[in-house]
Amino acid sequence: MAFSPKVKRTTKHGDGAQNLLRSQKDAYARLLNQHQNGKFRSYLQELATQQVEESMSTSVSRSVNVVSRRKKGNSESSYSVDSLSSQQSRQMADASICSYTDKTSYQVTCTEDQGIKPGMLEKHARMELHKAAAPKKVPSKPQHKRNEKDIKISSNLVGSEEGDSQQLSCSCGEEQAKDKSKKKRLKGNLAKKDEGECGPEVDVITGKSPNKNIKAPQTQASKESLLQNNKDKGTKSGRGSRKQLFEEYMRTEDVSAGLERGELIKEVSGDINERTLANQMVPKAPDVIVEARYNEDDEVIGKMKNVCLHDKAPVTTQSVKHGSAFNISGSSSERAMQRTGKVVIIFEQKHSRAASGFLKFLPNKNFAMFSPVDHRIPRVNVPLVDCPADFVSRPGDYENVLFICRITHWPADNNFAEGRLAKTLGQAGEIEPETEGIMTEYDVDFSEFSEEVLNCLPQDLPWSIPAHELSRRRDLRKECVFTIDPATARDLDDALSCKQLSDGNFEVGVHIADVSYFVEEGSVLDQIAGKRATSVYLVQKVIPMLPRLLCEELCSLNPLTDRLTFSVIWKLSPEGKILSEWFGRTVICSCIKMSYDHAQSMIEAPDKHFSAEELPPCSTNHRIHEIKEAILNLHNIAKQLRAQRFESGALQLNQLKLSFSLDKESSMPQGCYVYQYQDSNKLVEEFMLLANMAAAHQIYRTYPELAILRRHPPPQSKMVDDLQEFCDQMGLDIDLNSSRGLHRSLNENLGNDEYAAARREVLTHMCSRAMQMASYFCTGALKDENSFHHYALNVPLYTHFTSPIRRYVDVIVHRLLAASLNCGPPLSLSLEEVHKLASHCNDRKTASKRVQELSSELFFAVFVKECGPLDSEAMVMGVLDQSFDVLVLRYGVQKRIYCNSLEGLKAVHFRKVGKRPEMTLVWEQADPSKESTQQEISIFTLLNVQLKADGAPMKYSAVLKRPSALI
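Since we're looking at a predicted model, the values are computed, not measured.

By way of backbone hydrogen bonds, the strands of a sheet pair with one another, either parallel or antiparallel. Spatial ordering of the closed barrel is given by β6-β7-β8-β10-β9, a layout of 5 strands whose pairing is mixed. Each adjacent strand pair in this sheet contributes to an overall mean axis angle of 50°, direction not counted. When strand β6 (residues 354-360) meets strand β9 (residues 401-409), the two strands line up antiparallel, connected through 4 bridges. Note that in β9 the partner of Ser356 across the bridge is Ile404. Of the strands in this sheet, β6, β9 and β10 (417-427) touch helix α12 (residues 431-441), which is tilted by about 150° from β10.

Moving on, we come to the pattern of salt bridges. For the coordinates displayed, the defined rule picks out 39 salt bridges. One salt bridge connects Lys499 with Glu479, and the closest N-O pair in it is separated by 3.5 Å. Highlighted residues: Lys499 in strand β13 (residues 494-500) and Glu479 in the loop between β11 (474-475) and β12 (481-485), separated in sequence by 20 residues. Since its relative accessible area comes to 27%, Glu479 is described here as partly exposed. Here Asp503 and Lys571 are joined by a salt bridge, their closest N and O atoms 3.1 Å apart.

This paragraph deals with the packing of aromatic side chains. In this structure the tally under the stated criterion is 15 aromatic pairs. Seen from their ring centres, Phe566 and Phe801 are 6.3 Å apart, and the 80° between their planes marks the pair as edge-to-face. With Phe566 in strand β17 (residues 562-572) and Phe801 in the loop between β23 (775-778) and α24 (808-820), this pair connects stretches of sequence that are 235 residues apart. Like Phe566, the residue Phe801 is buried in the burial classification. Through successive ring pairs, a cluster of aromatic residues spans Phe361, Phe391, Tyr398 and Phe403. Looking at Arg474, its charged tip hangs above the ring of Trp582, at a distance of 4.6 Å from the centre. Sitting above the plane of the Phe646 ring, Arg645 keeps its charged end 4.9 Å from the centroid.

This part takes up helix α18 (residues 596-604). Residues of α18 that are buried include every one of Tyr596, Ala599, Gln600, Met602 and Ile603, and no others. All buried residues of α18 lie within an arc of 160° about the axis, which places them on one face of the element. In α18, the exposed residues that point more than 90 degrees away from the buried face are Asp597 and Glu604. Those residues of α18 that are buried lie in contact with β12, β19 (593-595), α19 (624-647) and α20 (679-702).

Turning our attention to the sheet that holds strand β26 (residues 893-898). The antiparallel open sheet is built from 5 strands, whose spatial order is β26-β25-β24-β30-β31. Only two strands of the sheet have a single partner each, and these edge strands are β26 and β31 (956-960). Between one strand and the next, the sheet's axes are offset by a mean angle of 45°, whatever the strand orientation. Here 5 bridges tie strand β24 (residues 870-879) to strand β25 (residues 883-888), and the two strands are oriented antiparallel to one another. Its bridge partner lying in β25, Val876 is registered against Val886. Sheet strands touched by helix α25 (residues 831-867): β24, β26, β30 (942-949) and β31. Its angle to β30, the strand with the most contacts, is close to 85°.

Among the surface-exposed residues, Asp721, Glu725, Asp728 and Asp733 lie close enough to one another that they form a single negatively charged patch. For Glu725, the location among the structural elements is in helix α21 (residues 717-729).

Along the chain, Ser516 falls in helix α15 (residues 515-518). Between the alpha carbons of Ser516 and His814 there is a distance of 6.6 Å; along the sequence they are 298 residues apart. What Ser516 contacts, discounting residues up to four positions off in sequence, is Arg585, Val811, His814 and Arg815. Of the polar contacts made by the side chain of Ser516, one reaches the side chain of Asp514; its length is 2.9 Å. Within polar-contact distance, the side chain of Ser516 engages the side chain of Arg585 at 3.1 Å.

Okay, the UniProt feature "binding site: Mg(2+)" (unreviewed entry) in the protein next. Sequence positions flagged by UniProt for "binding site: Mg(2+)" (unreviewed entry) are, in local numbering, Asp485 and Asp494. Relative to the elements of secondary structure, Asp485 occurs in strand β12. Once residues lying within four places of it in the same chain are set aside, the contact partners of Asp485 are Leu492, Asp494, Met594, Ser595 and Tyr596. Mapping Asp494 onto the fold places it in strand β13. Owing to a relative accessible area of 9%, Asp494 belongs among the buried residues under this scheme.

Now for the confidence of the model for the protein. Overall, the predicted model of the protein reaches an average pLDDT of 75, with 67% of residues at or above 70. Here residues 31-36 is a poorly scored stretch, pLDDT under 50, and it has 24 contacts once near neighbours within four places are set aside; other chains count. In the model, residues 311-336 has pLDDT below 50 throughout and makes 58 contacts with residues more than four positions away in sequence or in other chains.

With that out of the way, let us pick up the packing of α21 against helix α23 (residues 756-770). Axis angle and axis distance: for two packed helices, these are the angle between their axes and the distance between the axes, and together they describe the pair. Taken N-terminus to C-terminus, the directions of α21 and α23 make an angle of 155°; their axes are 8 Å apart at the nearest point. When the axis of α21 is compared with that of α23, the two are roughly antiparallel. As α21 runs across α23, the sense of the crossing is right-handed. On the side of α21, the interface is formed by Met719, Val720, Leu723, Phe726 and Cys727, while α23 contributes Leu763, Met766, Cys767, Arg769 and Ala770.

Mapped onto this numbering, the UniProt entry gives "site: Important for catalytic activity" (unreviewed entry) at Asp493. Tracing the chain through its elements places Asp493 in the loop between β12 and β13. When its relative accessible area of 4% is taken as the criterion, Asp493 is described as buried. Those residues in contact with Asp493 that lie beyond four places of it in its chain are His511, Ile512, Ala513, Leu557, Thr802, Ser803, Pro804, Ile805 and Arg806.

Next up on the list: the packing of helix α22 (residues 739-748) against α23. At a closest axis distance of 10 Å, the pairing of α22 and α23 adopts a crossing angle of 155°. The pairing of α22 with α23 is recorded here as roughly antiparallel in orientation. Like other packed secondary-structure pairs, α22 and α23 cross with a definite hand, here right-handed. Within the contact between the two elements, α22 uses Leu742, Leu746 and Asn747 and α23 uses Arg760, Leu763, Thr764 and Cys767. A breakdown of the residues in the contact of α22 with α23 according to their chemical character gives 4 nonpolar, 2 polar and 1 charged.

We now examine the nonpolar core. Counting 97 residues, the largest nonpolar core has Phe482, Phe687 and Phe801 as the members making the most contacts within it. Counting residues per element, this core draws most heavily on α20, at 11 residues. The contact partners of Phe687, leaving out residues within four places of it in the chain, are Leu496, Val508, Val510, Trp570, Leu572, Leu634, Ile637, Ala638 and Leu641.

Summarising burial for α12: 10 of the 11 residues are buried, a large majority. The complete set of buried residues in α12 reads Ile431, Pro433, Glu434, Thr435, Glu436, Gly437, Ile438, Met439, Thr440 and Glu441. Looking at the buried side of α12, the elements it contacts are β6, β9, β10, β16 (542-543), β21 (669-674) and α25. Count one or two residues on from α12 and you reach Asp443, which has phi positive near 60°.

Most of β17 sits out of view: 9 of its 11 residues are buried. Bridge count between strand β14 (residues 506-513) and β17: 8 bridges; the pairing is antiparallel. Bridge pairing in β17 links Glu507 to Lys571. Summarising the sheet, β17 and strand β18 (residues 578-589) pair through 11 bridges and their orientation is antiparallel. Paired with Val568 across the bridge in β18 is Phe583.

Below, the discussion takes up unusual backbone geometry. Of the consecutive residues Leu461 and Pro462, the connecting peptide bond is found in the cis state with omega at 0°. On the secondary structure map, Pro462 appears in the loop between α13 (451-454) and α14 (467-471). At the junction of Gly868 and Pro869, the peptide bond is cis and its omega measures out at 0° in the coordinates. Counting through the fold element by element, Pro869 comes out in the loop between α25 and β24. Phi is positive for Asn364, which is not a glycine, with a value near 60°. Mapped onto the elements of the fold, Asn364 is located in the loop between β6 and β7 (367-372). Its identity as a non-glycine residue notwithstanding, Met954 has a phi of 60°, on the positive side. Checked against the element boundaries, Met954 lands in the loop between β30 and β31.

Cut-offs and rules
Residues numbered from 1 in each chain as written. Predicted model: local features only at pLDDT ≥ 70, side-chain atom pairs only at ≥ 80, totals over all residues. Heavy atoms only, no water. Pairing = 2+ DSSP bridges. Helix = DSSP H or I, 4+ residues; strand = E, 2+ residues; numbered from the N terminus. Axes fitted to C-alpha atoms, helices over the stretch in contact; angles between N-to-C directions. Contact = heavy atoms within 4.5 Å. Salt bridge = Lys/Arg side-chain N within 4 Å of Asp/Glu carboxyl O. Buried < 20%, exposed > 50% of the residue type's maximum accessible area, 1.4 Å probe, protein only. Phe/Tyr/Trp six-rings, centres within 6.5 Å; stacked < 30°, edge-to-face > 60°. Lys NZ or Arg CZ within 6 Å of the ring centre and 35° of its normal. Arc of directions from axis to C-beta. Patch = residues over 30% accessible without salt bridge, like charges linked within 9 Å, V, L, I, M, F, W, Y side chains within 5 Å. Areas by Shrake-Rupley, 256 points an atom, 1.4 Å probe, with all protein chains shown as cover. Lys, Arg positive; Asp, Glu negative; His and termini not counted. Charge placed at Lys NZ, Arg CZ, Asp CG, Glu CD. Polar contact = N/O pair within 3.5 Å; in protein donor to acceptor, adjacent residues only side chain to side chain. UniProt positions renumbered as here; feature names shortened; annotations may be inferred. pLDDT = per-residue confidence, 0-100. Parallel < 35°, antiparallel > 145°, perpendicular 65-115°, else oblique. Left-handed = near helix turned anticlockwise from the far one by under 90°. Nonpolar A, V, L, I, M, F, W, Y, C, P; charged D, E, K, R; others polar. Core = buried A, V, L, I, M, F, W, Y, C linked by side-chain atoms within 4.5 Å.

As structure tokens, then:
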């Protein structure tokens, strides 16, 4: 890491305040060089202000002079996939360390307590804002190698010149907005995870308590009492007292008062967007950003409940006191400023408090040090009694052994948490121990179902449909109904049917497994299904939501077997226009289980005669020709529906998915490939979407307060604007004004050569960063019906109905549908219970998705280790000052290449033209008499890379080949 230059500060001899600060000058300089970040800068500002106030009152002129020397050496940053900023980049270290890299000078934040009058403060703040807005060119600095996950992380699409300017210029305005009687602030986090290293500030999303470095707004009484408590702690504990490192959360009564005054926002239903974790939008207030403590693209591991608001530029005390997230008073320039927030309290902690990691022996201690694999989680002191019996005598035997540790407590005066060892997993680098560690950390319940749960299932096997149940349903067993699923699928929860009518129209049916028939509401089985909320799909196995007797047999729409279903049947014109619609409970008998490849072969060869040997076993009641005609008709209608969807404004941002071929005995990866999305996939998708939309309208029409739907908010406008500016500077004809324009741009304006798909994938990844996450919600919890809208699909109402075997929300939707059609009992849940259920399902869906991603990463790392090195072309996705991100085209994975790891590289020259980052690599020649070879790196540049295993378990890196190797 390149250190920022020390800022010379003029001092007067005998100046008491400056002498007090000078005693820690060297320490501050060292810390600044290692932790150049706005939040750490704020900590130093507060600490210095506190020391000055304790020693003496500082004059107005000297305070202003100190502040006027604030902004020094903002470094240039670069666009990393979804970001042009490197100020929040992470340094990779086994100690789980987080480093920040923007340069700044040490400063004292001016406050009214230092003698500055409000008018002077406001005037000076405006001067600082004007100064900060002026662009500065300073040398860029190298960036340390960071964790492999960092390729997926980013801040927003804004350069550090702009971001730092806003942060530096807002201090005075924020101070003026605070209560005048505030004399002290609690210190932020200066946590170190090891000697000489500074640990990351606690991310409140992780639910770690107490939180670090949160400046919570407090009432006059609460501030005075908190200060008095701190004084008491310092005096009572005597010489051996330990300083409190982390600030406590706000008190509940202060939160209530802040909410009433409009200074706080209570987040009710939305979750933090994992894909833009660097800057989170508060769902109820789209103009407020919560700046994350960690710049890591990971799952939501806690829920933000309250945030306090402040501006990124100076505002008056009145505007802060009376402004809210929805109606900000003040001038037009103040209204245009980006509002930011910080978490001040967490009401519900959701992280499992469990982590996988390694044990380190500490001599002369009665505890060992646990180092989590996830470097966002703090190191943990665990008692030696929890460790293996021979750990003290033979610690080396456990250097490569994975353990599970659960955090039990984190004292406010300790940099390390306290916890207990829960389990020994096995050797690091092996698939099963690594997989169990992932599932435990993300709180996936992979235990066997209890006898009490299994007793809720039908006991008389083989089971058959009771006669009285058949009499209640529409009998479709003689219809040509079939399933289309992945070849390896075992939980078949949807089937299709299509027959042409005499008038030229089509009767099309979507038939979904009737799971709610077997899962009685309120039963033990229902409770465990609701708790799991979703099945978790790993590379080598599935962790089911329901017992396998249900999800693979009784509910699964297996061929040639009578099954209970919930169906929606339409009368459609050949153009896909809905002429009529019917919902109801049915019984079907699937005539064939087809894979996507089988259906695709029929679509690609409509005139071919398929023999029985080319297809899976088929019912004798339906000819293969009849099945093929049904698939071709569905394909033609699906093309019409798809075209209409995108013409009306739908957007699809599909990203590459890696699939594996596994050894049947060992489950080790034998090969990998990028999954191909075919017309057969699109066929099934269109009719599932149509069924989900139909179900949403039906349940909302009948139960406007209890319906559970799925919404997708529009993208974050600031990030969209920055991305649009970037695309314009890159010469890309991309329309980001609407979902329709974006979809058309991605599919029509990127050329038609062999690398057009790669460019589309790179740009899709950039666009995805601005998108917010879709989420479930209870309609009674959101009063504005416009907020129900699904941005990507561009439809007013949407839900999930088609996968009840693997999603619990779909089970609830089935119950609502049955009640609305008078073929089932009314839902017994209240509005509040449905709301909580929706929130829980959001959490579990997010965790499940992340576990699935980590499982894929794990298997690919094993594949690289066993079969590597692997060569491939790659396309540049983002450029930082000392590294760049690439999309490896052959495997669809994204990796970061660090310049300091490239052998033969002589120099790196980084520059930015507006928001467009560029880099020149200067390579040494074997012959010193020859000139060095230069290689230009920018977005969309094609490179040749090599993937090879690292020394650490489950890690691999991408290495750029020298230009000579490209010939």
